[in-house]
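Survey of secondary and tertiary structure
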Amino acid sequence: MASKMLKEFREFAAKGNVVDMAVGIIIGAAFTSIVNSLVSDLFTPLIGLATGGMNFTNQFLVLRDGPGGEVYHTLEQAQAAGAVTLNYGLFLNAVLSFLIVAFATFLLIRYINRLKNLAFTPEVAAPPTVKDCPFCLSKIPLPATRCPACTSQLPATQPEPE
């Protein structure tokens, strides 16, 4: 029974879609590091520069003071004192990070699709310039009305449907 299950597992693991999925996960992990670097190393500093270095991390609302009843200047101070806080700054950071990652992913996928389209654009065949003589089957120019090989009068050519 164990050998049958092992054989079934081997067949399952050897299928192409499982291997494709594994390759996709590996490439996805590598792609995640690229996107994270793009966000943290390029976009976030630019946004910080545009907003005057504003950091939303310490934006919070105290719902209930801690036992000391002191004023909290940072979120860490409030949490250390046991205060109950509504951390809207962390939520805004998460939303902003998501939007940046989504936009960066969109840009990368768009660029990859453009490269793919450039690499795999099929060549358009040139329109034919010759036709076969219906009598002797030699090649003759499209506008010819008489075959130069057999001198037969050619039927009027009708435009081919496209």
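Everything here concerns the structure above.
In short, a report on the structure. (Residues numbered from 1 in each chain as written. Predicted model: local features only at pLDDT ≥ 70, side-chain atom pairs only at ≥ 80, totals over all residues. Heavy atoms only, no water.)

**Description of the layout of surface pockets**
The calculated volume of the largest pocket comes to roughly 200 Å³. Around the largest pocket, the lining is made up of eleven residues, and of these T44, I47, F56, N93 and L96 lie nearest the centre. Sorting the residues of the lining of the largest pocket by element identifies α2 (16-50) and α4 (88-119) as the ones contributing at least two each. Element by element, the count of residues in the lining of the largest pocket is highest for α4, at four residues. The class makeup of the residues in the lining of the largest pocket is five nonpolar, six polar and no charged. (1 Å grid on protein atoms, 1.4 Å probe; cavity = no way out; pocket = protein on both sides within 12 Å on 5 of 7 lines; lining within 4 Å. Points joined across faces, edges and corners; volume = space filled by probe spheres on them. Helix = DSSP H or I, 4+ residues; strand = E, 2+ residues; numbered from the N terminus. Nonpolar A, V, L, I, M, F, W, Y, C, P; charged D, E, K, R; others polar.)

**Remarks on a nonpolar patch on the surface**
A surface patch of nonpolar side chains, about 950 Å² in accessible area, is lined by L61, L63, V84, L86, Y88, F91, L92, V95, F98 and L99. Of all elements in the fold, only β1 (61-64), β2 (84-86) and α4 reach the threshold of two or more residues within the nonpolar patch. Locating F98 in the fold gives a position in helix α4. Look at F98 and you get exposed, because its relative accessible area is 57%. (Patch = residues over 30% accessible without salt bridge, like charges linked within 9 Å, V, L, I, M, F, W, Y side chains within 5 Å. Areas by Shrake-Rupley, 256 points an atom, 1.4 Å probe, with all protein chains shown as cover. Salt bridge = Lys/Arg side-chain N within 4 Å of Asp/Glu carboxyl O. Buried < 20%, exposed > 50% of the residue type's maximum accessible area, 1.4 Å probe, protein only.)

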